[in-house]
Structure formats: C-alpha cells, structure tokens
Amino acid sequence: MAVYDTEENQKSELTYQTLYSLRRTVYLNKHRLFVIDNNSCRRTKDMLDVMSKERHHEFTVITLPENIGTAEAVNLGWKHKLPGENLIKMDNDVVIHSVGWVDELDRAIERDKTIGIIGLKRKDLWENPFRNDEWHSDLKMLPHETGEAWIIVEEVKHCIGTCQMYSAALIEKIGYLYQPGLYGYDDVLASHRSQIAGFYNCFLPHIEIEHIDQHETPHWQWKRDEAEKKNVEQQKLVWEYQNKKRSIYYNPYDTK
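Residues numbered from 1 in each chain as written. Predicted model: local features only at pLDDT ≥ 70, side-chain atom pairs only at ≥ 80, totals over all residues. Heavy atoms only, no water.

Engineer: Help me get a handle on the side chain of Asn92, residues and values and all.
Structural biologist: Along the chain, the position of Asn92 falls in the loop between strand 4 (87-90) and strand 5 (94-96). Engagement of the side chain of Asn92 in a polar contact is seen with the side chain of Asp5, the distance being 3.2 Å. Residue contacts for Asn92: discarding those within four places in its chain leaves Met1, Ala2, Val3, Asp5, Lys11, Leu14, Thr15 and Thr18. (Helix = DSSP H or I, 4+ residues; strand = E, 2+ residues; numbered from the N terminus. Polar contact = N/O pair within 3.5 Å; in protein donor to acceptor, adjacent residues only side chain to side chain. Contact = heavy atoms within 4.5 Å.)

Shown next as structure tokens:
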C-alpha cells in the first residue's frame, strides 16, 4: 500500500480506517503488510509508527523523503516478494468487511492458473453481466473438486486498482507496476499487460468493500486532474503494448 497523506488532502483518517480494517480481516501472522509512506504528514507518520510497533515483523513501513507516485512506491514493497508469492496492491481509502479475504483471493488463483489479476469490487463500478457494451462482464465458475467450496468470479477487461491481487505467474511475465505520472493508470496498464501475457482479469464480487473517499477532499480533485493530464500518454502506452512496440515486462531494478 502506498500512502501520500498531507494536511491539504486530509487523507490520514482514511488511511487509519483502511489499516484498522486490515487488522480485523487479514491474518497478519501469515501475510505480510508493507506500507510505503510517500512523505506523509506527521499525523500519518505517527500512526504508522504506532501500528508497526504493535504488529512487529508483519507490518513494515518504508518511509520516503518525497512522493514518488503510487506505482513506484508499491514496487518498493513488491521487491520483498517471496518465490511463488501472489502480490497485492491496494489503496488507502477502502474498508473491507470479510475476514480472510486474502486467503480467498489466493484460493481463486490456486484453482485457476490463468487468472492474472483478481480484485475486490467496489459498489460504484459499471461492470455487470447484464450490459451489452464495453462494461459487459461474465460470471465464471472456477474448477472444483468434491468437498471444495464453490468459487464464482466475474471476468472483466479492467480490474480497478482499489484492491488487486496479482498472481505470481503474472508477475513473472510483467515484472512491476508502471504508470506515466504520480497517480492513475497503473491498474489500466496492468490489466492490458495481463491480457497480452495470456491471463484474464476478474473480481471476487461476493466480498463486500466500501470505497470511503467520498470525493469531498482536495485530494480527489488532484487525483482527477493528474489522471486527465496523462490520459493521452496512457492510451499511447496501451497501443504500444498491443502492437508489440513496447515490452509488457517492466523492472526498474534490473541493472543489466
């Protein structure tokens, strides 16, 4: 999770609610949490310090002297990945209600090795099976053996970046996240890279989440402006991926 909280954007409270929800719903004795602090305000720094001391080795805070953007910050956490480990990228403005959701995402990828990205679905998204346009989605039952729980996913073109799990197999093909600016489009580009690599993207829609950024803070307008400035560039990147003019593999730490 990348965190960029300032006095102006007023996101410290959202970060607190997000982290508190993770403490309630994630088994941190088996899953590691990395929070990358993009030079946030004192309130957030103090909060992260307290929480990391409470959780000890399961909660790692990486503190940066400046805001390097969402994708590059998350990549710093991903550098600590273990062999065969699926990786999560999530925002700091979401509350998750289901205990054990990380294990459910892991289980879905274990059942279907062609899943590249699987996410938790916000209630304001447009994708559904009843649409006949670009937002059409398909419900899909995953492979099942007697005695196992049934798993149904919603296959989509674009898996929004609120909370996503990337399969270890996909990470081998695409490396790390990339975005053309400080905010936005890392999820769009990753979804395209996943499909080009031969995987599909989906949601696990039965897990209820709340997107708690109600667009009432100055940060929301900043995010919107930042994304709009980079829209043409991200379209060019997608074209380059699709036409093999740019590699879908990205590793900013490769010194070769």
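This is not the end of the story, as more comes after the structure.
Engineer: Quick rundown of the packing of aromatic side chains? Include the residues and the values.
Structural biologist: Taken as a whole, this structure holds five aromatic pairs when the rule is applied. Ring geometry for Tyr16 versus Tyr20: centroids 6.1 Å apart, planes at 15°, classification stacked. Residue Tyr16 and its partner Tyr20 are both found in helix 1 (residues 12-25); the two are separated by four residues, about one turn of the helix. Since its relative accessible area comes to 36%, Tyr16 is described here as partly exposed. (Phe/Tyr/Trp six-rings, centres within 6.5 Å; stacked < 30°, edge-to-face > 60°. Buried < 20%, exposed > 50% of the residue type's maximum accessible area, 1.4 Å probe, protein only.)

Engineer: Would you mind going over the nonpolar core in detail, with residue names and values included?
Structural biologist: In terms of nonpolar packing, the biggest core is built from 33 residues, with Leu19, Leu22, Ile96, Trp101 and Ile118 touching the most fellow members. When residues of this core are traced back to their parent elements, those giving at least two are helix 1, strand 2 (33-37), helix 2 (42-55), strand 5, helix 4 (101-111), strand 6 (115-119), strand 9 (163-166) and strand 10 (200-203). Of all the elements, helix 4 adds the most residues to this core, at five residues. Excluding residues within four positions of it along the chain, Leu22 makes contact with Met1, Leu33, Met90, Ile96 and Trp101. With 32 residues, the next largest nonpolar core counts Ala71, Val74, Tyr176 and Ala190 among its residues. (Core = buried A, V, L, I, M, F, W, Y, C linked by side-chain atoms within 4.5 Å.)

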